[in-house]
Amino acid sequence: MIFYQLFWVFIKIGTFGFGGGYAMLSLIQEEVVDHHQWISKSEFTNLVAVSQMTPGPIGINTATYVGYAALINEGYPVYIAVLGSALTTIALCLPAFLMIGLISYFYFKFRSNKFFAYAISGIKPLGISLIALAALSLTNKESFPDYLSPVLFIAALVCSIRFKVHPILILFGAALLGILFY
């Protein structure tokens, strides 16, 4: 029964945990500590600290540890607890994997459709403008006293689109200019 509960909890968290691992932490705490009481609050606090120090996304590290700790705390042997950690990790990642698979399927199915191509071509400038907006929002008098950053952004954009310069070369060029000017 606990395997089903672990799977169900982490499927829900993986499905509705928008915003990355840190956004998932409150959902994980509510389900694992408050609702099911698989681990204590102090154990969860330690878990978050360890998950931040270990390589990998914090949400996945947390899910892996919770699957292990929940089964150990229930009295299962270590080899069963390892299966629990695998189960919670898979459950957390499965919704994103399925959504990306579904999006990819429809992209490849409809990419030759002219209306779909028009929609995608309309979305590309939107993505570029969102990146430009993010770059411009960083250039205020408190964070950057000069306005060289937007100029570097526009230069990188022109090099990429107009002259088809490889993105790695643009990164190295921007790094050099950043070292020289900042």
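Predicted, not measured: the structure shown is a model, and the values here were computed from it. (Residues numbered from 1 in each chain as written. Predicted model: local features only at pLDDT ≥ 70, side-chain atom pairs only at ≥ 80, totals over all residues. Heavy atoms only, no water.)

Within the protein chain one finds eight helices and zero strands. Sequence-ordered secondary structure for the protein chain, helices as α and strands as β, is α-α-α-α-α-α-α-α. Relative to the globule expectation of 16 Å for 182 residues, the C-alpha radius of gyration of the protein chain, 23 Å, shows a markedly less compact shape. Each of the three principal axes of the protein chain carries a C-alpha extent, and together these read 60 × 45 × 25 Å. Sequence-distant contacts, at least 24 apart, represent 52% of the contacts inside the protein chain between residues at least 6 apart. Total accessible area computed for the protein chain in this model is approximately 12300 Å², and 73% of it derives from carbon and sulfur atoms. Here the protein chain holds 9 positive side-chain charges and 7 negative ones, and the gap between their average locations is 28 Å. (Helix = DSSP H or I, 4+ residues; strand = E, 2+ residues; numbered from the N terminus. Rg over C-alpha atoms; globule rule 2.2 N^0.38 Å. Contact = heavy atoms within 4.5 Å. Areas by Shrake-Rupley, 256 points an atom, 1.4 Å probe, with all protein chains shown as cover. Lys, Arg positive; Asp, Glu negative; His and termini not counted. Charge placed at Lys NZ, Arg CZ, Asp CG, Glu CD.)

This brings us to the side chain of Glu31. On the secondary structure map, Glu31 appears in helix H2 (residues 21-35). Using a relative accessible area of 16% as the deciding quantity, one classes Glu31 as buried. With near-sequence residues (within four places) excluded, Glu31 lies in contact with Val9, Lys12, Ile13, His36 and Gln37. (Buried < 20%, exposed > 50% of the residue type's maximum accessible area, 1.4 Å probe, protein only.)

Bringing helix H3 (residues 41-53) into the picture now. Turn by turn, an α-helix covers 3.6 residues, leaving residues three or four places apart pointing in a common direction. With 13 residues, H3 ought to run about 18 Å at 1.5 Å a step, and its terminal C-alpha atoms sit 19 Å apart, in line with that. For H3, the set of buried residues is Glu43, Phe44, Leu47, Val48 and Ser51. Along the axis of H3, the buried positions cluster into a sector of 140°, meaning they face one direction only. When the buried face of H3 is taken as reference, the exposed residues oriented beyond 90 degrees from it are Ser42, Asn46 and Met53. Those residues of H3 that are buried are in contact with H2 and helix H4 (58-73). (Expected span 1.5 Å × (residues − 1). Arc of directions from axis to C-beta.)

Let us now look at the packing of H2 against H3. In the contact formed by H2 and H3, the axes pass within 11 Å of each other and the chain directions differ by 150°. The pairing of H2 with H3 is recorded here as roughly antiparallel in orientation. When the axes of H2 and H3 are compared, the crossing they make is right-handed. Of H3, the residues touching H2 (which contributes Tyr22, Leu25, Ile28, Gln29 and Val33) are Lys41, Phe44, Val48 and Gln52. Considered class by class, the residues forming the contact of H2 with H3 number six nonpolar, two polar and one charged. (Axes fitted to C-alpha atoms, helices over the stretch in contact; angles between N-to-C directions. Parallel < 35°, antiparallel > 145°, perpendicular 65-115°, else oblique. Left-handed = near helix turned anticlockwise from the far one by under 90°. Nonpolar A, V, L, I, M, F, W, Y, C, P; charged D, E, K, R; others polar.)

Looking now at a nonpolar patch on the surface. The grouping of Leu102, Tyr105, Phe106 and Phe110 at the surface amounts to a nonpolar patch, some 390 Å² of accessible area in total. With respect to the element layout, Tyr105 can be found in helix H5 (residues 78-110). Judged by its relative accessible area of 47%, Tyr105 falls in the partly exposed class. (Patch = residues over 30% accessible without salt bridge, like charges linked within 9 Å, V, L, I, M, F, W, Y side chains within 5 Å. Salt bridge = Lys/Arg side-chain N within 4 Å of Asp/Glu carboxyl O.)

One finds Phe10, Ile28, Ile39 and Phe44 to be the most contacted residues of the largest nonpolar core, which totals 26 residues. Secondary structure elements with two or more residues in this core: helix H1 (2-16), H2, H3, H4 and H5. Setting aside residues up to four positions removed in sequence, Ile28 forms contacts with Phe10, Ile13, Val33, Phe44, Gly59, Thr62 and Val66. (Core = buried A, V, L, I, M, F, W, Y, C linked by side-chain atoms within 4.5 Å.)

Functional significance is not addressed by these values, which are geometric in nature.
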